[in-house]
Amino acid sequence: MQSVSKHQKPITIVSPNSFLAWIGKFLLILLGLLALYVLAKNLIAKPSLFAQNVLDGLKLGFVYALIALGYTMVYGIVKLINFAHGDVFMVGAFVSYFAIENLGLHVWPMVVFPNITPMLGSILGTISVILLAMVICVLLAITIERVAYKPLRDAPRIAALITAIGVSFFLEYFGLLQFVFSARFISYKRPFEEVTWYINDGIHAIEKGVATPPGSITFSNIFVIIIVATVLAQIFLQYLVRKTKIGIAMRATSFDKPTARLMGINVDQVISFTFGIGAAFAALGGVLFAIAYPSIRTLMGVYPGLKAFVAAVLGGIGSIPGAFVGALIMGQAESLTASYISTPMRDAIAFSILIIVLLIRPTGIFGEPEKEKA
Amino acid sequence: MLLEVKDLHVYYGAIHALQGISFEVNQGEIVSLIGANGAGKSTTLRALSGLIRLRSGSITFKGENITLAPADKIVTLGMSHVPEGRKIFAPLTVRENLEMGAYIIKDRAEIDRMTERVFRSFPRLKERINQLGGTLSGGEQQMLATGRGLMNKPTLILLDEPSMGLSPILVEEIFRIIKEINAEGTSILLVEQNAQMALSVSHRAYVLETGLITLAGTAKEIASNPQVKEAYLGI
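**Student:** Please set out the overall build of chain B residue by residue, giving values where relevant.
**Tutor:** When helices and strands are counted, chain B shows 10 helices and 10 strands. Its C-alpha atoms give chain B a radius of gyration of 17 Å, within 12% of the compact-globule value 18 Å for 235 residues. The principal-axis extent of the C-alpha atoms belonging to chain B is close to 45 × 40 × 35 Å. Burial status across chain B gives 45% buried among its 235 residues.

This is how it looks when you write it as structure tokens:
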């Protein structure tokens, strides 16, 4: 804290630093203009391809949003970047994999009610798979919080942060063990069939072996499900935080823990609840991610986790709408970079965004500067 | 006896903040703790409501030993603490702040009844019901903090410096309401630097000096004590 306030003292003398900062800003603006130029050029050259990329970016962004919500909520309440969150996302994907592959959970409605329509059956089956993944991840996250973070709640923040990185490594390398999830790429069986459509003079179903006309934009039921599920999750969260007693208690706890306790709020329970909600969203994200990109592995949570973290910082960590907006921007940045610059660059762009945000506006889009408590 | 405190010792690191204080509050009483800055008044309240750990001593409330009980448990027994500096939840609206005051009450109708009750004492809060707590004036925040403390229908309410930073008119108003709350049956443990005001509404009082109780008696006795007059009443 002290070093921060020292750093913020206004510098009155013209130092070489200000000249460097000026060059830095100039380069950033140049880079931004270049990016705009590349995007505009491609938009004009092939609008349908551009729209396709935006759509793909939306899909990614909505999954990132589900993960970013957990980062931002946990940060809001315990001021901890829970780096294990991306691995909870991975566990969600694996739980759904085992539920489908080993338990056949996605077909139970068809087995129990043979007369059910296939559509309803696969909806119920998929929801069951998601719910199971959520329950396991909620239990996992609450256990992590109790075992690893709670004992450090009054310790310096850096101690809990390092612990979070440790928990993340533990989950990753425990999962890598041969008899756990192993290091292999595992092909993921979807709980339902993918159906794709293309937009070109109206919406048409794509039939196997038939090429779509040039200039079409394609999308699938998976895309629709991801958008709908994430929007519903966001609405649910807004309702929870704004209207319910536990949600108001979460905000009160996040603002002032001792006073929250004076109200009779069990702060430990509220914190567990927050970790649980975050984990449930991560689990949902994990299952949807595996359905969208059906190859899973133990380290699959690392990059989405980090990118969702960048999204949360970009939106303003602690802010729920911020996490959502940040994630959408990240999704677009990644999709457009992969298409118009180069695929490996997409990760570099994601972390460049983090650096740029931290340099220019560390509080993010929706964040407010942290005030010293009186 | 509603509250009985015996030989309370509290340390902040190496600092011996409370050096063995004992006192009690009876049903229906207003009891004041008066003393200078740093005498340990707020520390006493924080120890009672479970916000800080005791080194030794015992606290009995309604015949139950609450010495080691956590803060959120103590509230459910009927002790409410309005902390020093108001501690309003700034990002929550007035209504939400009051809802949090009634966190332990499950019955919706009861919460609405208590909200109405608080609005009767503090009509200003009703006008500001959807405003964020952080945007209220100091006086309004004090009203909100006191109202919030009443929302869980306490048997005993601990008020820490309710007059701090308020204009003389508002101080009068707050003390009028303190008497009103007491008349409705809530016992009050009052911590004040404004000793004159505190003594004028209290039944009994204790004088706290650097972690020790140096004087105890009825409010009248304390107010007429020559040392108190000189040190705290400025007469």
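**Student:** Tell me about the interface of chain B and chain A, and name the residues and values.
**Tutor:** Interfaces are often described in size by the accessible area the parts lose on coming together. Opposite the 20 residues of chain B that make contact, chain A presents 15 residues. Within the residue set of the side of chain B that touches chain A, elements represented by two or more residues are helix 2 (71-76) and helix 3 (94-101) of chain B.

**Student:** Can you tell me about the packing of helix 6 (residues 118-149) of chain A against helix 11 (residues 267-292) of chain A, naming the residues and giving the values?
**Tutor:** All names here are of chain A. It is the contact of helix 6 with helix 11, at a shortest axis distance of 7 Å, that shows an interaxial angle of 140°. Judged by the inter-axis angle, helix 6 sits oblique to helix 11. Taken as a pair, helix 6 and helix 11 cross one another with a handedness that is right-handed. Every residue of helix 11 that contacts helix 6 at Val129, Ile130, Ala133, Met134, Cys137, Val138, Leu140, Ala141, Ile142 and Glu145 is listed here: Ile271, Ser272, Phe275, Gly276, Gly278, Ala279, Ala280, Ala282, Ala283, Leu284, Gly286 and Val287. Its residues assigned to classes, the contact of helix 6 with helix 11 shows 17 nonpolar, four polar and one charged.

**Student:** Which residues make up the nonpolar core, and what values go with them?
**Tutor:** Side chains that are nonpolar tend, in soluble globular proteins, to be buried together. Residue and element names in this part refer to chain A. Residues Ala68, Cys137 and Leu284 are the most contacted members of the largest nonpolar core, which totals 164 residues. The element best represented in this core is helix 11, accounting for 18 residues. Ignoring sequence-local partners within four residues, the contact set of Cys137 consists of Val88, Val91, Gly92, Ala279, Ala280, Ala282 and Ala283.

**Student:** Account for the packing of helix 6 of chain A against helix 7 (residues 157-176) of chain A, naming residues and giving values.
**Tutor:** Residue and element names in this part refer to chain A. Closest axis-to-axis distance for the helix 6/helix 7 pair is 11 Å, and the angle between their directions is 130°. In terms of axis orientation, helix 6 runs oblique to helix 7. Considering how the two elements wind past one another, helix 6 and helix 7 form a crossing that is right-handed. Residues Ile144, Ala148 and Tyr149 of helix 6 form the contact with helix 7, whose participating residues are Ala160, Thr163 and Val167. Its residues placed into classes, the contact of helix 6 with helix 7 shows five nonpolar, one polar and no charged.

**Student:** An account of the sheet that holds strand 3 (residues 203-205) of chain A is requested, with residue identities and associated values reported.
**Tutor:** All names here are of chain A. Here three strands make up an open sheet; going across it, the order is 3-2-4 and the pairing antiparallel. Unpaired on one side and paired on the other, strand 3 and strand 4 (217-220) mark the two borders of the sheet. Neighbour-to-neighbour, the strand axes of the sheet open up by a mean angle of 30°, direction not taken into account.

**Student:** Just give me the short version of the pairing of strand 4 (residues 56-61) of chain B, but keep the residues and values in it.
**Tutor:** Residues and elements named next belong to chain B. Relative to strand 4, strand 1 (residues 3-12) runs antiparallel, the two being bridged by five bridges. Paired with Lys6 across the two strands is Ser58, which belongs to strand 4. Summarising the sheet, strand 4 and strand 5 (residues 64-65) pair through two bridges and their orientation is antiparallel. Within strand 5, the residue paired with Thr60 across the bridge is Asn65. Count of turn residues in the strand 4/strand 5 antiparallel hairpin: two residues, of which Lys62 carries a positive phi of about 50°.

**Student:** Break down the confidence of the model for chain A for me, with residues and values.
**Tutor:** All names here are of chain A. Taken residue by residue, chain A gives an average pLDDT of 90. The fraction at 70 or more is 94%. When pLDDT is averaged over each element of chain A, helix 11 comes out on top at 97 and helix 1 (residues 2-7) at the bottom at 45. When the criterion is pLDDT under 50, residues 1-6 qualifies, and its contacts beyond four places in sequence or with other chains add up to zero contacts.

**Student:** If you had to explain the sheet that holds strand 5 of chain B to someone new, which residues and values would you point to?
**Tutor:** Strand pairing in a sheet relies on backbone hydrogen bonds, with the paired strands running either antiparallel or parallel. Residue and element names in this part refer to chain B. Judged by pairing direction, the sheet is antiparallel, and its four strands sit side by side in the order 2-1-4-5 without closing on themselves. Of all strands in the sheet, those with a lone pairing partner are strand 2 (15-25) and strand 5, marking the two edges. Docked against the sheet, helix 1 (residues 41-48) engages strand 1, strand 2 and strand 4, running at close to 70° with respect to strand 2.

Procedures and definitions
- Residues numbered from 1 in each chain as written.
- Chains lettered and ligands numbered in written order.
- Predicted model: local features only at pLDDT ≥ 70, side-chain atom pairs only at ≥ 80, totals over all residues.
- Helix = DSSP H or I, 4+ residues; strand = E, 2+ residues; numbered from the N terminus.
- Rg over C-alpha atoms; globule rule 2.2 N^0.38 Å.
- Buried ≥ 20, exposed ≤ 12 C-beta atoms within 10 Å, placed from the backbone.
- Contact = placed C-beta atoms within 7 Å.
- Axes fitted to C-alpha atoms, helices over the stretch in contact; angles between N-to-C directions.
- Parallel < 35°, antiparallel > 145°, perpendicular 65-115°, else oblique.
- Left-handed = near helix turned anticlockwise from the far one by under 90°.
- Nonpolar A, V, L, I, M, F, W, Y, C, P; charged D, E, K, R; others polar.
- Core = buried A, V, L, I, M, F, W, Y, C linked by C-beta atoms within 7 Å.
- Pairing = 2+ DSSP bridges.
- pLDDT = per-residue confidence, 0-100.

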